[in-house]
Amino acid sequence: MWWEYITYFINATVLAAALRMATPLIFASMGGIFSERSGVINIGLEGMMLTGAFMGMLVTFYTNNPWIGLMGALLSGGIVGMVHAVAAVRYKVDQVVSGTAINIFAVGFTVFMLRTIFDVAGTSPAVPRIRTVALPIVRHIPVVGEIIGYQNPMVYMALILVVVVHIFLFHTVWGLRLRSVGEHPKAADTVGINVFLTRYVAVITSGALAGLGGAYLSIAHLSRFGDEMTAGRGFIALAAMIFGKWTPFGALGAALLFGFADAVQMRLQEVGIPRHFVQMIPYILTMVALAGFIGRATPPKSIGKPYEKE
Amino acid sequence: MELQQSSLSSRNLLVPLGSVILALLVGAVFVLIAGENPITAYRVLFVESFGSVRSIATTLQRATPLIFTGLGVAFAFRCGLFNIGAEGQLYVGAIAAAIVGVSFGDLPRVIHLPMAVAAGMAAGGIWAAVPGILKAKLGVHEVINTIMMNFVAYYLTDFLVTGPFHGGRWAPETDRVFPTAALERIFLPTRLNSGIILAVVAIVVVYVILWKTKTGYEIRAVGFNPGAAEYGGISVARNMVLAMVISGAVASLAGVEQVLGVHGRFIQRFSPDLGFMGIAVALLGKNHPVGVFFAAVLFGALRTGGAAMDRLTDVPRELIVIIQAMIIMFVAADELIRRLFPKKRKG
């Protein structure tokens, strides 16, 4: 009886769906880690994702190749990231204000362009998408194969990205420099690290990764762009980053947890738990984590402060 | 002493005006992309938002909720707090006002309307108190918590409006509030309602609280320098929580006005980012109640004119969202503005 209950909510189908739901969050939260570890708050992830989702669709529409579309998303996300970097690093704009402006801009820009280019409101025409693949051997492993054996290539890219970001941050000299700029920019400057350049690169990378997360929605998971299709996922990615204490594997764990909550909500609704309450979970957990009730989440020390060279 | 300045002198107007001009220039590029002449588009925008008494009334109606969210955000800014949660606060305020509005049909108007308004303010105040307390007691940055509270508010009101308070119609909305709880229309056929009077009252009240009371002095002192305020015997924690509560209560009136004065009911996800636009209004208005009024009227005009432009030209109404985002960015990049518009030396 109990076992049946548990397997109704936790089974290979749900976990595979959780992984799919988590993928855009993983991309964007890795982006968030880059930016915030360098000392720049990035609440503009949502806007960067939305721009990536749109441009991914647009480039795919013109080239008929979703992989080139993915490059378009990467590039456009990076450009939005650069805007945030120029504002925050060069002109010392309040980073939260800049992020807010980017989020609002992205909503206006994508809908404006959708209507101007295609003369449609709501959703874009269908475009080719990156198709799901079957992993040769893994696919036949019981349970595991059902969960990860048959997924979109972007799902695998996201998982590999986590490992890469982890190695970069904690096992390379560039990662050490990036973290030191976020913790003690003055000390970093003293030993010859270019604080401004480091932050520029980090924030542009952040935007590029968020752009990929958005493109997953429009040209991998679905095959079209829809108005405001990111629907707050940039903020859930931000929450995953915080809940994961600004570490790649922590953020991955949080993204999977939030993805699971997303995947299981319909089944919970069937047994009488309103899905709206399940949807609140990521946000409430993040507040609880920040308050320190489950191991305090402490942001990088110099986050939000523009650096002034003396 | 930037936060302490209460006058809107010409020097203070440089950055807001420069930002609006630059944002309109960026907007002009997008008008060209849409294949329209910027002068034609902007003329339509202006005429349709200020060209007649009726269009001015519509502009004021669109400005009303922005006055509330702008005032709310500005109030928190004065205490050094960034309330990015006005959106969530106005949603809980709106649902609370709607719940009171659809209940108690036998109450007289003099009790029912104030009760609905007070319920909305209380809900918004409580909603904002949570991040306020977490900031004051545990030092958690209010930005993340107010963002998180926005989403909790969306889902909570989604639940209430599709569940316990779902109205008789199929759409995700409550029933109509009783006439005894409605803010009456004051300029038909526009939807301008007595909420605008409430907004003017709120402007005066916020001004008086901030500059004519001890509480306001303490709140501004905390915003200016929390360390010095604490040293001078002012409780930083108490004033932070109080500032957030007032900020949330004022911002929530935007939702109250939309429910009781415009839609007549709570509609799921009705707000076109009124809370986030409040941030723009507060920044553009330099966190001063009078500045907030003019900034809100400008944004109200953009929305009114934008809708007409959408109808009459090839330019999608989203142009005004782009312009608003650019205004936020430019107004915060005051260093850039001051360079582009160098100050003329005066005696």
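This text follows the structure it describes.
Residues numbered from 1 in each chain as written. Chains lettered and ligands numbered in written order. Predicted model: local features only at pLDDT ≥ 70, side-chain atom pairs only at ≥ 80, totals over all residues. Heavy atoms only, no water.

(A) Local environment of unusual backbone geometry. Omega for the peptide link from B:Leu188 to B:Pro189 comes to 5°, which places this bond in the cis form. With respect to the element layout, B:Pro189 can be found in the loop between helix H6 (142-162) and helix H7 (195-212). Even without a glycine there, the phi angle at A:Asp119 is positive, about 55°. Residue placement: A:Asp119 occurs in the loop between helix H5 (95-118) and strand E1 (133-134). By relative accessible area, which is 69% here, A:Asp119 ends up exposed. One non-glycine residue, A:Val143, adopts positive backbone phi at about 60°. Relative to the elements of secondary structure, A:Val143 occurs in the loop between E1 and helix H6 (144-148). (Helix = DSSP H or I, 4+ residues; strand = E, 2+ residues; numbered from the N terminus. Buried < 20%, exposed > 50% of the residue type's maximum accessible area, 1.4 Å probe, protein only.)

(B) Summary view of the pattern of salt bridges. Residue and element names in this part refer to chain B. If you walk through the whole model with that rule in mind, you get 13 salt bridges over all chains. We note a salt bridge from Glu 184 to Arg 109, for which the minimum N-O separation is 2.8 Å. Of the two residues, Glu 184 is situated in the loop between H6 and H7 and Arg 109 in helix H5 (residues 109-138); the sequence distance between them amounts to 75 residues. Here Glu 184 falls in the partly exposed class, since its relative accessible area comes to 41%. According to the relative accessible area criterion, Arg 109 is partly exposed, its value standing at 33%. Measuring nitrogen to oxygen at the nearest pair gives 3.7 Å for the salt bridge that ties Asp 310 to Arg 317. On the accessibility criterion, Asp 310 (16% relative accessible area) is buried. (Salt bridge = Lys/Arg side-chain N within 4 Å of Asp/Glu carboxyl O.)

(C) A look at the interface of chain B and chain A. Facing the 44 residues of chain B at the interface are 40 residues of chain A. Each partner contributes to the roughly 3,800 Å² buried at the junction of chain B and chain A, and carbon and sulfur atoms together form 82% of this total. Considering only the surface of chain B that becomes buried against chain A, B:Met148, B:Tyr155 and B:Met329 emerge as the three largest contributors, covering 17% of it. Counting across the chain B and chain A interface gives 3 salt bridges. Ionic pairing is found between A:Arg90 and B:Glu335, a salt bridge with its closest N-O pair at 3.4 Å. Linking chain B to chain A there are 3 residue pairs in polar contact (both at pLDDT 80 or more). (Contact = heavy atoms within 4.5 Å. Buried area = accessible area lost by both parts, 1.4 Å probe. Polar contact = N/O pair within 3.5 Å; in protein donor to acceptor, adjacent residues only side chain to side chain.)

(D) Here's a closer look at the packing of aromatic side chains. Scanning the model with the defined rule gives 26 aromatic pairs over all chains in all. On the basis of an interplanar angle of 15° and a centroid distance of 6.5 Å, the ring pair of A:Tyr5 and A:Phe9 is categorised as stacked. Of this pair, A:Tyr5 and A:Phe9 both sit in helix H1 (residues 2-9), 4 residues apart, which is roughly one turn of that helix. We classify A:Phe9 as buried; its relative accessible area is 14%. Where B:Phe77 meets B:Phe82, the ring centres are 4.8 Å apart and the plane angle is 50°; that geometry is what we call tilted. The exposure classification of B:Phe77 matches that of B:Phe82, with both residues buried. Of the aromatic side chains, those joined through ring pairs into one cluster are A:Phe235, A:Tyr283, B:Tyr91, B:Phe151, B:Tyr154, B:Tyr155, B:Phe266 and B:Phe270. Sitting over the face of the ring of A:Tyr91, A:Arg90 holds its NZ or CZ atom 4.4 Å from the ring centroid. Over the face of the ring belonging to B:Tyr155 we find B:Arg269, whose NZ or CZ atom lies 5.5 Å from the ring centre. (Phe/Tyr/Trp six-rings, centres within 6.5 Å; stacked < 30°, edge-to-face > 60°. Lys NZ or Arg CZ within 6 Å of the ring centre and 35° of its normal.)

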